[in-house]
Amino acid sequence: MELAGALQLGELAAAFAALPVFPLFDTAYFIVSVLYLKYEPGAVEMSVRSPFASWLCAMLHCFGSYILADLLLGESPIDYFSNNSSVILATAVWYLIFFCPMNLFYKCVSFLPMKLIFVAMKEVVRVRKIAAGVHHAHHRYHHGWFIMMATGWVKGSGVALMSNLEQLLRGVWKPETNEILHMSFPTKASLYGTVLFTLQQTHWLPVSEANLIFFFTMFMIICKVFMTATHSHASPFAPVENFMCPVFFGSVSSGHTSHHHDHHGAVHEVCHAPPPPAKSKEELNEGTRKRKAKKAE
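Residues numbered from 1 in each chain as written. Predicted model: local features only at pLDDT ≥ 70, side-chain atom pairs only at ≥ 80, totals over all residues. Heavy atoms only, no water.

What to know about the overall build of the chain
When helices and strands are tallied, the chain shows 14 helices and zero strands. The linear arrangement of helices and strands in the chain, starting from the amino end, is α-α-α-α-α-α-α-α-α-α-α-α-α-α. For the chain, restricting intrachain contacts to residue pairs at least 6 apart in sequence, the fraction spanning at least 24 positions comes to 73%. For the chain, the computed accessible surface area is about 17800 Å², with 69% contributed by carbon and sulfur atoms. (Helix = DSSP H or I, 4+ residues; strand = E, 2+ residues; numbered from the N terminus. Contact = heavy atoms within 4.5 Å. Areas by Shrake-Rupley, 256 points an atom, 1.4 Å probe, with all protein chains shown as cover.)

And the structure:
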């Protein structure tokens, strides 16, 4: 019975891994990517003022991961734009979201139940891209673990890693929003996922690629759908990171805490100065004699 269940699960995972992502899942990926672009401050005004700049930003949101991965592997960064079907589909999605009369298309795809479906479908594409990036790098650099991890990582989160370039196209410069300095959940998940796929590809993780794609995709779908539905930005990795980071890298928060305590400790000392030492009996008697002498005068 257990063997039959395992076989059925393996068959399900194999069928899921072989599921084509174009055009259905790619359409959902483009919709969510362009939606996030429209959420950016000034993006709507820019689309009216400079449609070409808006289109370029949309293409970076849709294909930024391919551009970065090609640059890492020494290939042409515009190679993916030879895929006419994908570029035309992404362009159609961009036009409908920004310029559809009465914003009908935008209102439909941003309706929360519909958006959750698209978010789930986008994660299917993300995990496939991570797996494909690791596989591609493994084919080029058979023993290059870090190259595999870097390629899979940018394939899964290349759009976020190119956010500063995309901001420049919109006329905005915010270096403090660097994704490497402040990683979002998809960027962290892509990094952890590419480590797993690299271990699997080099036969250090005893699990089939199809099973890993299936289970990691389910994990990503559950997390992203929940975070989108609840409008939460809390990372599911936070409890583990809060436990592991102080052990291996030192607690950053502890440094702030000590400074915080030092600062408040100084204030505490100012506000509550230590009481003066108690006067001796001779000093008290001397003070009494002086007061009496003053009264007599």
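Here's the deal with the confidence of the model for the chain
Mean pLDDT over the chain: 85, with 82% of residues reaching 70 or higher. Here residues 253-284 scores under 50 on pLDDT; set against residues more than four positions off or in separate chains, the count is one contact. Taken as a whole, residues 292-297 scores under 50 in pLDDT and shows zero contacts with residues more than four places along the chain or in a different chain. (pLDDT = per-residue confidence, 0-100.)

A closer look at the environment of L19
Within the secondary structure, L19 is located in the loop between helix 1 (2-17) and helix 2 (24-39). Distance in space between the C-alpha atoms of L19 and V124 is 9.9 Å, their sequence separation being 105 residues. Setting aside residues up to four positions removed in sequence, L19 forms contacts with F25 and R128.

Section: the nonpolar core
Taken as a class, soluble globular proteins show a tendency for nonpolar side chains to be buried jointly. Counting 54 residues, the largest nonpolar core has F30, V34, F63, F118, F185 and F197 as its most contacted members. Counting residues per element, this core draws most heavily on helix 7 (residues 112-140), which supplies 11 residues. For F63, the contacting residues outside a window of four places in its chain are F30, Y80, F81, S86, V87 and A90. Core analysis: the second largest hydrophobic core is formed by six residues, L60, L68, A69 and V154 among them. (Core = buried A, V, L, I, M, F, W, Y, C linked by side-chain atoms within 4.5 Å. Buried < 20%, exposed > 50% of the residue type's maximum accessible area, 1.4 Å probe, protein only.)

Some points on a nonpolar patch on the surface
A cluster of nonpolar side chains, namely V240, F243, M244, V247, F248 and F249, defines an oily patch on the protein surface of about 710 Å² accessible area. Tracing the chain through its elements places F248 in helix 12 (residues 238-248). Given the relative accessible area of 57%, F248 is considered exposed. (Patch = residues over 30% accessible without salt bridge, like charges linked within 9 Å, V, L, I, M, F, W, Y side chains within 5 Å. Salt bridge = Lys/Arg side-chain N within 4 Å of Asp/Glu carboxyl O.)

Focus on helix 2
Between the first and last C-alpha of helix 2 there are 23 Å, a value that for 16 residues agrees with the 22 Å anticipated at 1.5 Å per step. All of the buried residues in helix 2 are F25, D26, A28, Y29, F30, I31, V32, S33, V34, L35, L37 and K38. (Expected span 1.5 Å × (residues − 1).)

Here's the deal with empty space enclosed by the protein
For the coordinates displayed, the defined rule picks out one cavity of 30 Å³ or more. As for the largest cavity, its lining consists of D26, Y29, F30, C62, F63, Y66, Y80, V125 and K129. Among the secondary structure elements, those contributing two or more residues to the lining of the largest cavity are helix 2, helix 4 (51-72) and helix 7. The residue makeup of the lining of the largest cavity, split by class, is seven nonpolar, no polar and two charged. (1 Å grid on protein atoms, 1.4 Å probe; cavity = no way out; pocket = protein on both sides within 12 Å on 5 of 7 lines; lining within 4 Å. Points joined across faces, edges and corners; volume = space filled by probe spheres on them. Nonpolar A, V, L, I, M, F, W, Y, C, P; charged D, E, K, R; others polar.)

Some points on the packing of aromatic side chains
One pass over the full model with this rule turns up 19 aromatic pairs. Seen from their ring centres, W94 and F99 are 5.4 Å apart, and the 80° between their planes marks the pair as edge-to-face. Exposure remark for F99: the relative accessible area of 26% places this residue in the partly exposed category. On the numbers, 6.3 Å between centres and 45° between planes, the contact of F98 with F99 is tilted. (Phe/Tyr/Trp six-rings, centres within 6.5 Å; stacked < 30°, edge-to-face > 60°.)

Observations regarding the environment of H135
Along the chain, the position of H135 falls in helix 7. Of the residues examined, H135 reaches a relative accessible area of 44% and is grouped as partly exposed. Separated by 67 residues in the primary sequence, H135 and T202 place their C-alpha atoms 10.0 Å from one another.

Regarding the layout of surface pockets
Size it by volume and the largest pocket reaches roughly 1200 Å³. Every residue lining the largest pocket is counted, 39 residues in all, and those nearest its centre are Y36, E40, S184, P186 and K224. Counting only elements with at least two residues in the lining of the largest pocket, the list comes to helix 2, helix 4, helix 7, helix 8 (145-161), helix 9 (163-169), helix 10 (185-201) and helix 11 (209-230). It is helix 8 that provides the largest number of residues to the lining of the largest pocket, a total of five residues. Class assignment for the residues of the lining of the largest pocket results in 13 nonpolar, 17 polar and nine charged.

Re the state of the cysteines
Per the counting criterion, the structure on display carries zero disulfides. Left unpaired, C100 is separated from the closest cysteine sulfur, that of C108, by 8.0 Å. (Disulfide = S-S within 2.5 Å.)

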